[in-house]
Structure formats: C-alpha cells, structure tokens
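# What the coordinates show
Chain by chain, the residues:
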Amino acid sequence: MTDEKRKPTPEEKAKAAAEARAKAEALRKAKEQEQLAAETAAPGEAAQQSESGAAASGQAAEQAAAPSKPVSEMTPEEKAAAKAAAAAAAAAKAKAAREAAQQAESGAAASGQASEQAAAPSKPVSEMTPEEKAAAKAAAAAAAAAKAKAAREASESGGDTDAEAKAKAAAAAKAKAAAAAAAAAKAKAAREAAEGGDAGGDDAKAKAAAAAKAKAAAAAAAAAKAKGAASGGDAEAAPEAPKPPSKNQPYLDKYVARLTEKFGADVVESSYINELSKEVPTLVIKNERWLEVAAFLKEDEALAFDYLANLHGVDYEDRMEVYYHFYSYPNRQSVAVKVKTDREQPTVPSVMNIWRGADWNERETYDLLGIHFPGHTDLRRILLPDEWVGHPLRKDYVQYDEEV
C-alpha cells in the first residue's frame, strides 16, 4: 500500500485539524486588528472602505482560504480544512455582497428604518468574522447617509409646504378683504338708495322738477345772451323757449271753465299753475263772489272739493289775501284759492258753514292778522289773550307793551 492510498491515522487527523484551527485563529486575529485600525480611521475612509466592502471582504476571504502549501503536498485533513475555509470565505463574500446590494437598493426612499434594519448586525460583533464586520460597518454608514438624505429631503419638502401654506393663507386673506369691501359698497349703495327713496315724496319730486326747469331756463337765457353778444349786440335777444305745459294744466282749465260757466268770466280774477307749490292749480276769486263760489266748489259733482286742508292769511302791505287749499277725495284733485281784501278793512266771508274745519283757521287768521270773517259765529282770539292789542303778523304791527 502506497503512502497516498493510506488512510490517516486518528493522530494524524487530530494533528491536521489542530493545525487548521490554528491557521484560522491566526487569520481571524489578523482581520480583527485590521478592523480596529479601520474603525479609528476618518469617516471618509470608513465610507470608502464600506463602498469597497464586498471587494475587501472577498479579498480577505480569498487570503484566508489560500492554502499555505500546494494541494498535492497536503494531507487529506489539510485538504478538508482548506476546502472548509474556502467555502466559509465564499459564503462570507456572498453575504457581504448581498447586504451591500440591499443597502444600495434601500436608498433614501426606503427611509432610515429599513436602512437601520439592514445595518443591524445579525449576531454580536465579537462573533463576527472580519468580513462580516466590514460589511456591517458599510451597511451602517450607508444607512446613516440614507437617513440624513431622507431627513434633508423631508426638511426641504416641509419648507415648500410652509411656503405653499403661507401663500394660500395670503390669498384667502385677500379674498376675504375683497369680499368685505364688496359687501360694504353694496350696503352703502342700498343705504343711499333707501335715502333717495325716502326723499322721493311729492315735495322732493316737485322741487326736483322746479329745479330742472329753472336750470333749463337759465341755460336757454345764457345761450341767448351769448348768441346776442356774438352777433355784436345789435340783434335782439332770442325769445325764451316756451315752457312745456304743466301736468295739472288740464285740471286748471277744467276749474276755470266750470266756474265761468256757472258765474261768468269775471268771477275769476286770474288763474295759474303755482310752480313753487307742487304745481297746484290756483284760482284768484273775487271777494264779493267768494261765498257762493266756495259753496259751488264743494257741491258741484265735477269739482267736489269736500275737504278744506288749510287756510291762512298773508300781508302784502298793499293788500291782504286769504289762501285756501282744497282737496277732492272723489276726484283725487287739488286746487288753491286766493281771495284778496283791503288791508285797512280786511274782510273775507266766512266759509265755516261750508267746511267746519275753517272755524279755528279763521279765528287764527283773525287773531294774528286782524282779518275779519263775516258769518263766523265765534270770531275771537284763539292764540292770544282777549286784551291783547294788535295783530302780531301784520307788517305794521307795533308792540303795545314793551315789557311783554
């Protein structure tokens, strides 16, 4: 039997195993020393080491697995030990490569948790081989970088989110301010419209119409004057444009026609539209015909002025007048009547028997102006005491007692 075919004895096997263990232990100690040196190096160097982790571990494994003598000279035990060492080195190299690939794939999107999990050692460091330690360290560095990158991106994203939130808040504030301004403008317009509506009574309309007419007349006069000045002043001023008839002119014509038909043309001294008082039709009736005309104004169905709104006296220094304002509820029309009287002996027939409301109005006119109303059943002072001397609203009134 040759030496190659002879089986090793148990002593030889034990010796070969002891030698293999001694070599492996020596290799492990050497790697640990290299690892300690690498840990004390700069972080950049550690990162570089981690990037080349797979290659370094593979090289170290190859060195560990490298036989100390040719295979042909090894004993069977040495061959077995070398084979086992080479298999362990290959497994470590593959594991390190796999872990590095997993770390690379995790990246920033895998978040720090996945990186930390990948970097977590599968067993205590004291039990790791040098290759495993290098791979674990590289994985930890990659996890820390990924975590930092994720934190940086989250911070940048948060900044953008804050900017967008501020822009939205500013836009909302502007929209709110614009809505408030629009509401205030709308309320102001409604208030002005309401105020305009309140002023839209008959008085306001009459004043507006009178103002418009006066303005038109003034403009026409100014135009005519300017035209005359332009032509050298020789030409005569252009006649004023005729005013449009009042809306109440038909009523005035109706009243005049009705009275003249009844009493003759001389009963009405004059008639006109009072533009300064709501364009009311106004009649000036002769004093001596007033009583019968008054009764006709109330009793005639075409006129039917059944309501005496008021009456008062006016002192014009050369005469006095009593002013009446009637209203016809059946016809919904108004008319004003003036009756002139002598200022020295002011007298106008009383109409209290036709309109009972004339009772106190005639007494007041008598009290303040001294106009007598023949036919009044109780013509005495109503505001001033009976012993009062004179009538205060007369323009020639002189106060009798200076101490009053």
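Residues numbered from 1 in each chain as written. Predicted model: local features only at pLDDT ≥ 70, side-chain atom pairs only at ≥ 80, totals over all residues. Heavy atoms only, no water.

### Here we look at the overall build of the protein
Check the secondary structure of the protein and you find 10 helices and 5 strands. Across the 404 residues that make up the protein, the buried fraction comes to 27%. (Helix = DSSP H or I, 4+ residues; strand = E, 2+ residues; numbered from the N terminus. Buried < 20%, exposed > 50% of the residue type's maximum accessible area, 1.4 Å probe, protein only.)

### Overview of the pattern of salt bridges
Scanning all chains against the criterion turns up 15 salt bridges. A salt bridge links Arg28 to Glu32; its shortest N-O distance comes to 2.4 Å. Of this pair, Arg28 and Glu32 both sit in helix H1 (residues 10-39), 4 residues apart, roughly one helical turn. A salt bridge links Asp378 to Arg380, with the shortest nitrogen-to-oxygen separation between them at 2.9 Å. A network of salt bridges, in which partner residues are shared, links Asp315, Arg343, Arg394 and Asp396. (Salt bridge = Lys/Arg side-chain N within 4 Å of Asp/Glu carboxyl O.)

### Digging into the side chain of Thr282
Here Thr282 is to be found in strand E2 (residues 280-285). Under the relative-accessibility criterion, Thr282 is labelled buried at 0%. Side-chain polar atoms of Thr282 contact the backbone oxygen of Val280, separated by 3.2 Å. Not counting chain neighbours up to four residues away, the residues in contact with Thr282 comprise Leu252, Ser270, Ser271, Tyr272, Asn274 and Ala336. (Polar contact = N/O pair within 3.5 Å; in protein donor to acceptor, adjacent residues only side chain to side chain. Contact = heavy atoms within 4.5 Å.)

### Side note on helix H8 (residues 249-263)
For H8, which comprises 15 residues, the first-to-last C-alpha distance of 21 Å matches the rise-based estimate of 21 Å (1.5 Å per residue) to within 8%. Every buried residue belonging to H8 is among Leu252, Tyr255, Leu259 and Phe263, and all of these are buried. Along H8, the residues classed as buried sweep out an arc of 65 degrees about the axis, all on the same side. The exposed set on the far side of H8, more than 90 degrees from its buried face, consists of Pro250 and Glu261. Here the buried face of H8 lies against strand E1 (268-274), E2, helix H9 (290-299) and strand E5 (333-341). Note on H8: the residue one or two positions beyond its end, Gly264, has a positive phi of about 100 degrees. (Expected span 1.5 Å × (residues − 1). Arc of directions from axis to C-beta.)

### Let's talk about the sheet that holds strand E3 (residues 307-315)
Taken in spatial order, the 5 strands line up as E1-E2-E5-E4-E3 in an open sheet, and their pairing is mixed. Because the sheet does not close on itself, it has two edges, and the strands there are E1 and E3. Ignoring which end each strand starts from, the neighbouring axes of this sheet average 20 degrees apart. Here E2 pairs with E5 via 4 bridges, running parallel. (Pairing = 2+ DSSP bridges. Axes fitted to C-alpha atoms, helices over the stretch in contact; angles between N-to-C directions.)

### As for the packing of aromatic side chains
For the structure on display, the rule yields 8 aromatic pairs. Aromatic side chains Tyr255 and Phe305 sit 5.3 Å apart centroid to centroid with 80 degrees between the ring planes, which places their arrangement in the edge-to-face category. Taken as a pair, Tyr255 in helix H8 and Phe305 in the loop between H9 and E3 lie far apart in primary sequence, 50 residues in all. For Tyr255, a relative accessible area of 1% gives the class buried. (Phe/Tyr/Trp six-rings, centres within 6.5 Å; stacked < 30°, edge-to-face > 60°.)

### Observations regarding the pairing of E1
Looking at chain direction, E1 and E2 are connected through 6 bridges and run antiparallel. The residue of E2 that forms the bridge with Ser270 is Val284.

### Here's the deal with the pairing of E2
Counting buried residues along E2, 6 of its 6 residues qualify, which places the element largely inside the surrounding structure. Of the two faces of E2, the one carrying Val280, Thr282 and Val284 and the one carrying Pro281, Leu283 and Ile285 are both buried. The loop that links E1 with its antiparallel partner E2 comprises 5 residues; one of these, Lys278, has a positive phi angle of about 60 degrees.

### Side note on the packing of H8 against H9
The N-to-C vectors of H8 and H9 enclose an angle of 125 degrees; their axes lie 11 Å apart at closest approach. It follows from the interaxial angle that H8 and H9 lie oblique. Helix-helix and strand crossings are classified by hand; for H8 and H9 the assignment is right-handed. Contacts between H8 and H9 pair Arg258, Leu259, Lys262 and Phe263 from the former with Glu292, Val293, Phe296 and Leu297 from the latter. Partitioning the contact of H8 with H9 into residue classes produces 5 nonpolar, no polar and 3 charged. (Parallel < 35°, antiparallel > 145°, perpendicular 65-115°, else oblique. Left-handed = near helix turned anticlockwise from the far one by under 90°. Nonpolar A, V, L, I, M, F, W, Y, C, P; charged D, E, K, R; others polar.)

### Structural notes on unusual backbone geometry
Not every positive phi belongs to a glycine, and Lys278 is a case in point at roughly 60 degrees. A positive phi angle, near 55 degrees, is found at Ala304, a position not held by glycine.

### Here we look at the nonpolar core
Membership of the largest hydrophobic core comes to 35 residues, with the highest contact counts inside it found for Leu259, Ile285, Trp290, Leu297, Tyr324 and Phe326. Sorting the residues of this core by element identifies H8, E1, E2, H9, E3, strand E4 (320-328), E5 and helix H10 (358-369) as the ones contributing at least two each. For this core, the element with the highest residue contribution is H9, accounting for 6 residues. Among all residues touching Leu259, those that are not within four sequence positions of it are Gly264, Val267, Val268, Leu283, Ile285, Val293, Phe296, Leu297 and Leu303. (Core = buried A, V, L, I, M, F, W, Y, C linked by side-chain atoms within 4.5 Å.)

### Brief notes about the environment of Leu291
The topology assignment puts Leu291 in helix H9. It is 6.9 Å that separates the C-alpha atoms of Leu291 and Val351, two residues lying 60 residues apart in sequence. Contacts of Leu291, omitting those with residues within four sequence positions, involve Pro349, Ser350, Val351 and Ile354.

### Side note on the confidence of the model for the protein
This prediction gives the protein a mean pLDDT of 78; 67% of its residues lie at or above 70. The model gives residues 42-51 a pLDDT under 50, and that stretch makes 4 contacts with residues more than four places away or in other chains. Confidence over residues 108-112 falls short of pLDDT 50; this stretch has 5 contacts with residues more than four positions distant or in other chains. (pLDDT = per-residue confidence, 0-100.)

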